[in-house]
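Reading the structure
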Amino acid sequence: MKSGGLGAVQSSYGVPAKRRWRGLIIAVLGLVILSMLVPLVFLLGLHNSFHTSGYIYEQRNTPSDVLKNYSKGDKNGIVNTNEEKHRGVKTPPPLPPNAALQSPPTTNTPKVHNPKHGRTEQVTHPKTSSADETGTSCELTYGSYCLWQQEHKEVMKDAMVKKLKDQLFVARAYYPSIAKLPAQDKLSRQLKQSIQELEHVLSESSTDADLPPLVETKSERMDVAIARAKSVPVVCDNVDKKFRQLYDLTEDEADFHRKQSAFLYKLNVLTMPKSFHCLALKLTVEYFKSSHDEEEADSEKFEDSSLHHYVIFSNNVLAASVVINSTVTHAKVSRNQVFHVLSDGQNYYAMKLWFKRNNYGEAAVQVLNVEHLEMDSLKDNSLQLSLPEEFRVSFRSYDNPSMGQFRTEYISIFSHSHYLLPDIFSKLKKVVVLDDDVVIQRDLSSLWNLDMGEKVNGAVQFCSVRLGQLKGYLGEKGFSHNSCAWMSGLNIIDLVRWREFGLTQTYKRLIKELSVQKGSTTAAAWPASLLAFENKIYPLNESWVRSGLGHDYKIDSNSIKSAPVLHYNGKMKPWLDLGIPNYKSYWKKYLNKEDQLLSECNVNS
């Protein structure tokens with residue numbers, strides 16, 4: 001009986017004990033599951049779909065609903081809330097004036113917690129809609145900048161090419177991680193195939209116009225592959241490392257292309273176009289095929305000091321031709337004009353034949369080879385022959401040097417060859433020197449009536465650059481810091497005063513002194529030119545020359561048309577492909593397009 005009683009006791013207490021433990025286990029498991037589900041609900045944003053007894057969330061309404069509600073409201077935009085009572089939830093209080101005009105929030109927008117109302121509000125961005133077309137809602141919500149952004153919105157060029165590059169960038173980052181998963185072998189092959197397709201397309205196309213017709217289909221397939229890749233659980237660190245590697249490679253590639261672009265740009269501006277080389281070669285060949293026994297008919301004019309003599313230093317046949325043609329075209333009287341073109345040995349014969357084949361009114365043209373001139377000045381080996389030169393100068397603003405802002409200007413100056421002028425034209429008293437990158441649009445005969453007094457060089461001063469700003473270039477020589485720099489391009493030279501002041505000897509001395517500091521005669525050339533003519537510049541009116549057409553894109557067309565002289569100073573000359581398109585027409589209209597050689601060498605194109 002005892003044993004039976006003990007067994008009865010165990011059976012009566014054993015069953016409830018097991019049930020208690022089972023209940024505890026179920027409760028613990030339930031808490032664990034809830035602890036996992038609650039964060040997921042907040043991470044996935046599912047809590048927004050649970051309605052409370054408070055306000056109705058605005059994202060439930062579509063743009064059309066908002067506009068419909070606003071149309072039912074009064075003049076101040078207050079919505080009739082009685083219509084919402086049948087929904088079984090509390091409606092929001094009356095909206096403030098113009099609140100209904102605001103664009104409703106879209107999905108996937110960031111949320112900002114508002115402690116004042118104790119709820120989460122949507123932070124929206126401008127969205128194109130029918131309400132925004134009038135500009136009212138945009139301005140009220142985001143201010144006037146939103147309107148400005150819409151008015152000045154530019155269409156992205158080659159948008160498809162850029163999209164393909166972005167897709168390729170993302171696919172390359174995910175592919176190594178996907179390829180390591182055996183279960184994703186099909187997705188790995190799909191990604192690899194899409195990457196190869198886009199690589200092939202981009203290797204043959206750089207603009208949207210070059211893309212093949214089925215490129216949109218390939219882009220859609222890549223979108224699907226990327227979406228599937230993003231849905232696969234992968235190690236984020238691997239994807240992040242791959243992104244960083246691709247970013248570094250892209251940065252290195254961009255740096256390489258930047259340096260390559262700078263090199264090609266410099267190479268382009270320093271070399272002559274192929275069509276110009278073709279013209280020079282054909283002219284040289286034709287020159288030696290023809291006979292040249294007859295003497296030049298205008299040889300007497302070349303030393304007649306009573307005529308108007310123009311000097312041009314150039315190795316470009318067409319550039320010199322445009323200068324002469326534009327000058328003669330606008331001259332009231334052309335028979336008293338004499339042009340002296342000084343070139344190098346390589347282009348001398350092409351120049352000779354070109355100006356023999358083409359007539360420029362009644363003006364006389366003489367072509368000289370500066371390398372074959374026999375003068376006492378050439379016995380000095382320090383004086384080298386060269387063509388007009390330009391220098392790009394960067395310096396701090398003269399008015400506010402403390403601001404640290406740098407400006408860049410192109411200054412064209414005389415070269416070594418210009419200091420041979422008194423010896424080359426020993427019988428002349430005055431000449432006008434023209435650079436080969438200028439175009440004449442007015443009669444220049446009034447320049448010969450100028451009384452320059454004791455000055456030697458009549459030039460347009462460039463007072464945005466003063467010698468004090470160029471102290472680092474000019475050295476410690478004694479000069480006035482407030483003196484303006486001057487420009488070549490259009491210069492009237494008094495050769496008599498030049499000889500009296502001995503400017504050629506002064507220039508030689510400055511070259512010798514400055515070359516020791518600068519390390520080369522080339523670097524010393526332009527500071528020596530500025531210093532040699534200090535206090536000997538006769539300032540011409542600034543309206544004479546409109547400069548900057550070789551580097552400034554923002555020159556007003558009215559100022560170009562009204563200027564007597566256009567100066568294409570800068571790297572982008574009008575005869576180059578890199579020339580500024582808006583200014584090329586002023587130069588091209590003075591080309592002799594009827595010459596057959598221009599067509600044979602594709603110069604007109």
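Sequence positions are assigned chain by chain, starting from 1 and proceeding in written order. The model is predicted, so local features are restricted to residues of pLDDT at least 70 and side-chain atom pairs to those at 80 or more, both for listing and for counting; the totals for chains, interfaces and linings are taken over all residues. For the side-chain quantities, the full set of heavy atoms in the structure was used; hydrogens and water were omitted.

Examining the sheet that holds strand 15 (residues 565–567)
The three strands are arranged 9-15-14 in an open sheet whose pairing can be described as mixed. Every interior strand has two partners, whereas the edge strands, strand 9 (438–440) and strand 14 (545–547), have only one. Neighbour to neighbour, the strand axes of the sheet diverge by 15° on average, direction disregarded. In short, DSSP must find at least two bridges between two strands for them to pair. Note on conventions: DSSP H or I runs of at least 4 residues are helices, E runs of at least 2 residues are strands, and numbering of each starts at the N terminus. With three bridges connecting them, strand 14 and strand 15 associate as parallel partners. Paired with R546 across the bridge in strand 15 is L566. Where helices are involved, their axes are fitted lines through C-alpha atoms of the stretch in contact, as for all axes, and angles between N-to-C directions lie from 0 to 180°.

Regarding the side chain of N569
Mapped onto the elements of the fold, N569 is located in the loop between strand 15 and helix 18 (581–588). Of the polar contacts made by the side chain of N569, one reaches the backbone nitrogen of G548; its length is 2.5 Å. For this analysis, residues touch if any pair of their heavy atoms sits within 4.5 Å. Residues contacting N569, with those up to four places away along its chain left out, are E390, Y410, D437, M487, S547, G548, L549, G550 and H551. N or O atoms closer than or at 3.5 Å make up a polar contact, with two conditions inside protein: a donor-capable atom paired with an acceptor-capable one, and, for residues adjacent in sequence, both atoms drawn from side chains.

Some thoughts on the packing of helix 5 (residues 159–179) against helix 6 (residues 185–204)
Viewed as axis vectors pointing N to C, helix 5 and helix 6 meet at an angle of 145°, and their least axial separation amounts to 9 Å. Where helix 5 crosses over helix 6, the two elements pack in a sense that is left-handed. Residues V161, L164, K165, Q167, L168, A171, R172, Y175, I178 and A179 of helix 5 lie in contact with helix 6, whose contacting residues are L187, S188, L191, K192, I195, L198, E199, V201 and L202. For this classification, the nonpolar set comprises Ala, Val, Leu, Ile, Met, Phe, Trp, Tyr, Cys and Pro, the charged set comprises Asp, Glu, Lys and Arg, and every other residue, Gly included, is treated as polar. Across the contact of helix 5 with helix 6, the residue classes break down as 13 nonpolar, two polar and four charged. If you view the pair so one helix is near and one far, a crossing is left-handed when the near helix is turned anticlockwise from the far one by less than a right angle, and right-handed when it is turned clockwise.

Re the confidence of the model for the protein
Of all residues in the protein, 71% have pLDDT values of 70 or greater, and the mean over the chain is 76. Across residues 1–14, where pLDDT falls below 50, the model places zero contacts with residues more than four positions away in sequence or in other chains. What pLDDT expresses is the predictor's confidence in each residue, scored from 0 to 100. Low pLDDT, under 50, characterises residues 49–135; the predicted model gives this stretch 91 contacts beyond four residues in sequence or across chains.

Remarks on unusual backbone geometry
In this structure, D158 takes a positive phi of about 55° despite not being glycine. By the element assignment, D158 lies in the loop between helix 4 (144–151) and helix 5. Burial status follows relative accessibility: with a 1.4 Å probe on protein chains alone, a residue under 20% of its type maximum counts as buried, one over 50% as exposed, and anything between as partly exposed. Of the residues examined, D158 reaches a relative accessible area of 27% and is grouped as partly exposed.

A closer look at the state of the cysteines
In what follows, a disulfide is any cysteine sulfur pair within 2.5 Å. Applying the stated criterion across every chain yields a total of one disulfide. Here C278 engages in a disulfide with C601; their sulfurs sit 2.1 Å apart. With the S-S dihedral at roughly -70°, the linkage between C278 and C601 falls on the left-handed side. A residue pair is termed long-range when its members are at least 10 positions apart, and C278 in helix 9 (residues 274–289) and C601 in the segment after helix 19 (596–600) qualify at 323 residues. Of the residues examined, C601 reaches a relative accessible area of 5% and is grouped as buried.

Remarks on a nonpolar patch on the surface
The patches reported here contain residues having more than 30% relative accessible area and no salt bridge. Joining distances are 9 Å for like charges and 5 Å for nonpolar side chains (Val, Leu, Ile, Met, Phe, Trp, Tyr). Methods summary: accessible areas were calculated by the Shrake-Rupley approach with a probe of 1.4 Å, and residue burial reflects only the protein chains presented. Only one rule defines a salt bridge in this text: a Lys or Arg side-chain nitrogen within 4 Å of an Asp or Glu carboxyl oxygen. On the surface, L31, I33, L34 and L37 cluster together into a nonpolar patch covering about 400 Å² of accessible area. Looking at the element boundaries, L31 is found in helix 1 (residues 2–44).

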